[in-house]
Amino acid sequence: MGATRYQEIAESLRHAIRTGTYPLGSRLPSESDLSARWEVSRGTVRQAVALLASEGLIGSRQGARRVVLRQERRQSFQQLNSFAQWAQAMGCEVASRILARTLRTATDEEAERLDAEPGSQVLYVLRLRWLDGEPVMVERTVYADWVAPAVLELPEDCVSIMDSIAERADIVAHYGEHLIDAVAAGSEDARLLQVRRASPLLRQRHLTFTAAGRAIEWTDDRYRAGSVVFNVMNSAGAAPLERRAGPDVRG
């Protein structure tokens, strides 16, 4: 099913915001101007701008035209950057706080992910991340036992754990594996991200490895809806798609 008319309008406005046609702090055209431009009703325009408002791209005061609050935060997986490196490259003000650090026995899944012996010790870290003063991500990370001492030494307001342990302990991430899905906010997520319980969250789970293939961390990151867009680029040239008929297909 193709996009509806209001979604098409929203995507056009989103692109205009992203490319600077409507820079930060500027006002969008009036509803009547937008209606005339796309030859649609004001109701359709209101649906489009309401979608952008739900993503945090635009806002308004009563009686005023919609104002651009921020540009789309797009995160690419082409390079292995820390959250802080990506946010700073986007021109965002980034802040973090470690809320809990606990040494404990790894679960079966954690031991498997980190290629550790069953029953081995890991360091569990709960952290809250902000962009431009807004809570956007809850990070739950399990660090391998050999990484734990370096992480335990860091201050609670450390902006980037990965950058810090690379500088202080020469623990450098060289590649990672990412899993992306959606989950509902539990009580803790809802409280920390200031959203309602069961609100949709974008989840990214990832493993990070050294150049030698040694697992560093297994992380569960949960983003508030509309706070970030993940960008994945691929090419048929890199991995050609071939369509072949199965054994029962004729024609």
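On a predicted model such as this, the values are computed, not experimentally measured, just so you know.

**Considerations on helix α2 (residues 31–38)**
- Among all positions in α2, only L34, S35 and W38 are buried. Seen from one end, α2 has its buried residues packed into an arc of 100°, which puts them on one side.
- Downstream of α2 by one or two residues, E39 has phi in the positive range, about 55°.

**Re the nonpolar core**
- By size, the foremost hydrophobic cluster in this structure holds 19 residues, and its most contacted members are L114 and V138.
- At four residues, strand β5 (residues 121–131) tops the list of elements feeding residues into this core.
- Non-local contacts of L114, meaning those with residues more than four positions away in its chain, are made with V122, V142, Y143, A144, L207, A215, I216, E217 and W218.
- If you look at the next biggest cluster of nonpolar residues, it comprises 17 residues, including I9, A10, A16 and V49.

**Side note on the packing of aromatic side chains**
- Summed over the entire model, instances satisfying the criterion amount to one aromatic pair.
- Summarising the aromatic geometry, the rings of Y175 and F209 are spaced 5.1 Å apart at their centres and angled 15° between planes, so their arrangement reads as stacked. Of this pair, Y175 sits in strand β7 (residues 175–184) while F209 is found in strand β8 (residues 200–209), placing the two residues 34 residues apart along the sequence.
- We note R214 situated over the ring of W146; from NZ or CZ to the ring centre the distance is 4.1 Å.

**Things to note about the sheet that holds strand β4 (residues 94–105)**
- Spatially, the six strands line up as an open sheet ordered β4-β5-β6-β9-β8-β7, and their pairing is antiparallel. The sheet terminates laterally at β4 and β7, the two strands that pair on one side only. On average, each strand axis in the sheet is tilted by 15° relative to the strand beside it, whichever way the strands run.
- Both β4 and β5 contribute to a ladder of eleven bridges, which runs antiparallel. Bridge pairing links A95 to W130 in β5.
- Packing of helix α7 (residues 161–169) onto the sheet brings it into contact with β4, β5, β6 (134–143), β8 and β9 (215–224), and relative to β9 it is tilted by some 155°.

Cut-off values and rules
- Note on numbering: residues in each chain are counted from 1, in written sequence order.
- Where totals are concerned, whole chains, interfaces and linings use all residues; where local detail is concerned, this predicted model gives features only for residues with pLDDT of at least 70, and gives and counts side-chain atom pairs only at 80 or more.
- To obtain the side-chain values, all non-hydrogen atoms of the structure were included, while hydrogens and water were left out.
- The cut-offs for exposure are 20% and 50% of the maximum accessible area for each residue type, with area from a 1.4 Å probe on protein chains only; residues under the lower value are buried, those over the upper are exposed, and the others partly exposed.
- The helix and strand labels rest on DSSP assignments: H or I over at least four residues marks a helix, E over at least two residues marks a strand, and numbering proceeds from the N terminus.
- An arc is given here, and it is the one of the directions from the helix axis to the C-beta atoms.
- Residues enter a nonpolar core if they are buried and are Ala, Val, Leu, Ile, Met, Phe, Trp, Tyr or Cys, with the set joined through side-chain atoms within 4.5 Å.
- The contact criterion used is simple: two residues touch if any of their non-hydrogen atoms lie within 4.5 Å.
- Put simply, two rings from Phe, Tyr or Trp (the six-membered ring, in Trp's case) pair if the centres are within 6.5 Å, and we call them stacked under 30 degrees between planes, edge-to-face over 60, tilted for the rest.
- Only lysine NZ and arginine CZ atoms are considered, and such an atom sits over a ring when it is within 6 Å of the ring centre and within 35 degrees of the ring normal.
- Between any two strands, at least two bridges found by DSSP are needed for them to pair.
- Inter-axis angles, ranging from 0 to 180 degrees, are taken between N-to-C directions of lines fitted to C-alpha atoms, where helices are fitted over the stretch in contact.

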